[in-house]
Amino acid sequence: MDADVVVVGSGFFGLTVAERLAVEHGRKVLVIDRRSHIGGNAYSEAEAQTGIEVHRYGAHLFHTSNERVWEYVNRFTSFTDYEHRVYTTHRGEVFPMPINLGTINQFFRSAHGPTAARALIKELSAELGGRTPQNLDEQGVSLIGRPLYEAFIREYTAKQWQTDPRELPASIISRLPVRYTYDNRYFNDTHEGLPTDGYTAWIERMADHPNIEVRLDTDFFDSSQPVHKANVVGNVPVVYTGPVDRYFDGVEGELSWRTLDFEEEVLPVGDFQGTPVMNYADADVPFTRIHEFRHFHPEREYPTDRTVIMREFSRFAEGGDEPYYPINTAVDRERLKAYRELAKGEKDVLFGGRLGTYQYLDMHMAIGSALSMVDNKLTPYLTAGVPLH
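Here the residue numbers are simple positions, counted from 1 along each chain's written sequence. Per-residue local features are limited, in this predicted model, to residues with pLDDT of at least 70; the limit for side-chain atom pairs, both in listing and counting, is 80 or more; totals at the level of whole chains, interfaces and linings are taken over all residues. By convention in this description, side-chain values take in all heavy atoms of the structure and omit both hydrogens and water.

## Focus on the packing of aromatic side chains
Phase 1 of the analysis: A pair of Phe, Tyr and Trp rings is counted when the ring centres sit within 6.5 Å of each other, with Trp represented by its six-membered ring. The angle between the planes then sorts it: under 30 degrees is stacked, over 60 is edge-to-face, the rest tilted. Applying the stated criterion across every chain, the model contains 31 aromatic pairs.
Phase 2 of the analysis: Between the aromatic rings of Phe-248 and Phe-351, the centroid separation amounts to 5.8 Å while the plane-to-plane angle is 20 degrees, which identifies the pairing as stacked. Of the two residues, Phe-248 is situated in the loop between helix H9 (244-247) and strand S11 (257-267) and Phe-351 in strand S16 (residues 349-351); the sequence distance between them amounts to 103 residues.
Phase 3 of the analysis: What makes Phe-248 buried here is its relative accessible area of 9%.
Phase 4 of the analysis: A relative accessible area of 16% places Phe-351 in the buried class.
Phase 5 of the analysis: Put simply, the rings of Phe-220, Phe-221, Tyr-240, Tyr-247, Phe-248, Tyr-339 and Phe-351 pair up and form one aromatic cluster.
Phase 6 of the analysis: Note that Arg-258 overlies the ring of Trp-161, its terminal NZ or CZ placed 4.5 Å from the centroid. Here a strand is any run of E in DSSP of at least two residues, a helix any run of H or I of at least four, and the numbering for each starts at the N terminus. Under the scheme applied here, a residue whose accessible area is under 20% of the maximum for its type counts as buried, over 50% as exposed, and between as partly exposed, the area being computed with a 1.4 Å probe on protein chains only. Placement of a positive charge over a ring is assigned whenever Lys NZ or Arg CZ falls within 6 Å of the ring centre and within 35 degrees of the normal to the ring plane.

## A closer look at the sheet that holds strand S13 (residues 289-292)
Phase 1 of the analysis: Any two strands between which DSSP finds at least two bridges are classified as paired. Overall, mixed pairing links the seven strands, which are arranged S7-S6-S12-S13-S14-S11-S15 in an open sheet. Each edge of the open sheet carries a strand with a single partner, namely strand S7 (93-97) and strand S15 (325-326).
Phase 2 of the analysis: Bridging between S11 and S15 involves two bridges; their strand directions are antiparallel. Paired with Trp-257 across the two strands is Pro-326, which belongs to S15.

## Topic: the packing of helix H3 (residues 101-108) against helix H6 (residues 146-161)
Phase 1 of the analysis: Fitting a line to C-alpha atoms yields each axis, with helices limited to the stretch in contact; the angle taken between N-to-C directions then spans 0 to 180 degrees. One can describe the packing of H3 onto H6 by two numbers: an axis separation of 12 Å at closest approach and a directional angle of 100 degrees. Relative to H6, the element H3 lies roughly perpendicular. Packed against H3, whose contacting residues are Thr-103, Ile-104, Phe-107 and Phe-108, the element H6 presents Pro-147, Leu-148, Ala-151 and Phe-152 at the interface.
Phase 2 of the analysis: Considering only residue class, the contact of H3 with H6 consists of seven nonpolar, one polar and no charged. Orientation categories follow fixed angle ranges, with anything under 35 degrees roughly parallel, anything over 145 roughly antiparallel, 65 to 115 roughly perpendicular, and all other angles oblique. Contact definition: two residues touch when any of their heavy atoms are within 4.5 Å. All residues other than Ala, Val, Leu, Ile, Met, Phe, Trp, Tyr, Cys, Pro, Asp, Glu, Lys and Arg, Gly among them, are scored as polar; the first ten of these are nonpolar and the last four charged.

## Brief notes about the pattern of salt bridges
Phase 1 of the analysis: Salt bridges are counted wherever a side-chain nitrogen of Lys or Arg sits within 4 Å of a carboxyl oxygen of Asp or Glu. A full pass over the atoms with the stated rule returns 31 salt bridges.
Phase 2 of the analysis: The salt bridge partner of Glu-150 is Arg-146, with a shortest N-O separation of 2.9 Å. Of this pair, Glu-150 and Arg-146 both sit in helix H6, four residues apart, which is roughly one turn of that helix.
Phase 3 of the analysis: Classification of Glu-150 by relative accessible area gives partly exposed; the value is 36%.
Phase 4 of the analysis: Linking Arg-154 and Asp-164 is a salt bridge whose minimum nitrogen-to-oxygen distance equals 3.0 Å. In this pair, Arg-154 is assigned in helix H6 and Asp-164 in the loop between H6 and strand S8 (191-193), connecting sequence segments 10 residues apart.

## Some words on the pairing of strand S14 (residues 307-316)
Phase 1 of the analysis: Of all 10 residues making up S14, seven are buried, and the element is well covered by its neighbours.
Phase 2 of the analysis: Of the strand pairs in this sheet, S11 and S14 are connected by 10 bridges, and their pairing is antiparallel. Residue pairing across strands places Glu-263 opposite Arg-311, the latter belonging to S14.
Phase 3 of the analysis: Pairing geometry for S13 and S14, over four bridges, is antiparallel. Across the sheet, residue Ile-290 finds its bridge partner in S14, namely Arg-311.

## Digging into the nonpolar core
Phase 1 of the analysis: Counting residues in each nonpolar core, the largest one holds 100 residues, and the members touching the most others are Val-17, Phe-62 and Trp-202.
Phase 2 of the analysis: If one sorts the elements of this core by residue count, helix H12 (residues 363-384) sits on top with nine residues.
Phase 3 of the analysis: Counting seven residues, the second largest nonpolar core, distinct from the first, contains Met-278, Tyr-280, Val-285 and Ile-309. Here the nonpolar core consists of buried residues drawn from Ala, Val, Leu, Ile, Met, Phe, Trp, Tyr and Cys, with membership extended through side-chain atoms lying within 4.5 Å.

## A few points about the domain arrangement of the protein
Phase 1 of the analysis: All domain edges in this entry derive from an automatic or database-based domain assignment. The domain boundaries assigned to the protein delineate domain 1 (5-82 + 192-256 + 327-384), domain 2 (95-172) and domain 3 (258-316).
Phase 2 of the analysis: Of the residues lining the interface, nine residues belong to domain 2; the matching set on domain 3 comes to 14 residues.
Phase 3 of the analysis: Between domain 2 and domain 3 the total buried area reaches about 1,000 Å² when both faces are included, carbon and sulfur atoms providing 53% of it.
Phase 4 of the analysis: Where domain 2 touches domain 3, the interface holds zero salt bridges. Accessible area that two parts lose when put together, evaluated with a 1.4 Å probe and summed over both, is termed the buried area.

Here you go:
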């Protein structure tokens with residue numbers, strides 16, 4: 001095998017590792033991916049009828065306050081000045097999210113200033129009387145009060161988790177942001193934007209190096225092809241970004257995830273909802289939100305008589321589903337500890353990324369984590385022979 005390192009998975013984590021090893025260390029890197037496209041869940045492509053760029057695995061919104069990550073990603077793409085704003089439909093009325101002074105005044109039909117709004121939320125969130133919340137439902141009430149929680153969080157969360165919030169642990173939400181201004185920007189990071197030419201163009205530039213080979217439709221666990229686990233591990237260093245439980249054939253039990261289903265539709269209108277993302281907070285609407293992708297790039301010349309929308313549904317992942325969000329129950333945490341112990345015994349194998357670490361990582365977090373792996377693990381290994389752990 002003509003490779004110094006094998007990277008399993010072509011998402012942002014894997015490609016960042018591959019690009020750094022190729023450029024910084026001059027090493028040959030083989031990147032394999034079981035999918036037929038590069039980029040993992042960040043993959044995007046033009047919808048055939050309209051040419052509108054669609055994020056195939058749900059909206060991806062780049063934001064970061066990590067200056068090193070920002071400098072790094074700008075080597076491969078420029079960014080638009082897009083700022084993400086979200087709205088929520090509740091009982092036939094649209095409210096700005098996250099909860100801010102505009103949301104509060106619209107919901108209560110009031111004209112509170114910041115001080116009065118703070119006092120109102122403090123009064124409403126005192127319902128438990130200082131008692132420690134026993135479930136997610138009580139946690140939400142203790143954070144923002146029952147009226148706002150039940151309107152915007154409770155049923156939306158129940159749809160996301162397919163579980164009554166009274167049966168979910170309080171630890172799932174540690175905070176619910178409330179802004180006492182009319183600022184409804186979704187993120188607070190220093191840098192925010194969307195890649196000017198799209199995600200796939202950005203990702204392809206990361207992989208465009210003579211020392212990097214990408215093989216798609218290649219399953220690491222398929223022994224009928226040459227680059228499989230039994231043939232690689234112990235012979236070539238591996239950076240594995242697939243599901244950690246799959247690597248060990250589920251010997252400690254499967255880790256649980258939520259997955260997403262998408263329903264795409266081309267509509268004969270120029271603009272369906274007037275915003276990129278509309279959440280639906282009520283239980284009688286089966287999906288959690290609708291994306292309208294034309295609004296992510298208003299600077300582009302898209303058709304004025306057609307638009308693309310994508311409804312998003314959430315459910316528990318089953319065998320063969322694409323995992324998105326770790327459920328992280330007590331059982332999951334115990335299983336993860338067991339897999340981490342097993343991982344210590346794997347020769348020259350590093351586990352990273354969302355699936356390999358059983359963490360939900362935003363894009364900037366995955367890239368930052370990959371850069372740290374190169375700095376702290378792979379560079380000492382390649383330059384000084386320090387063992388990989």
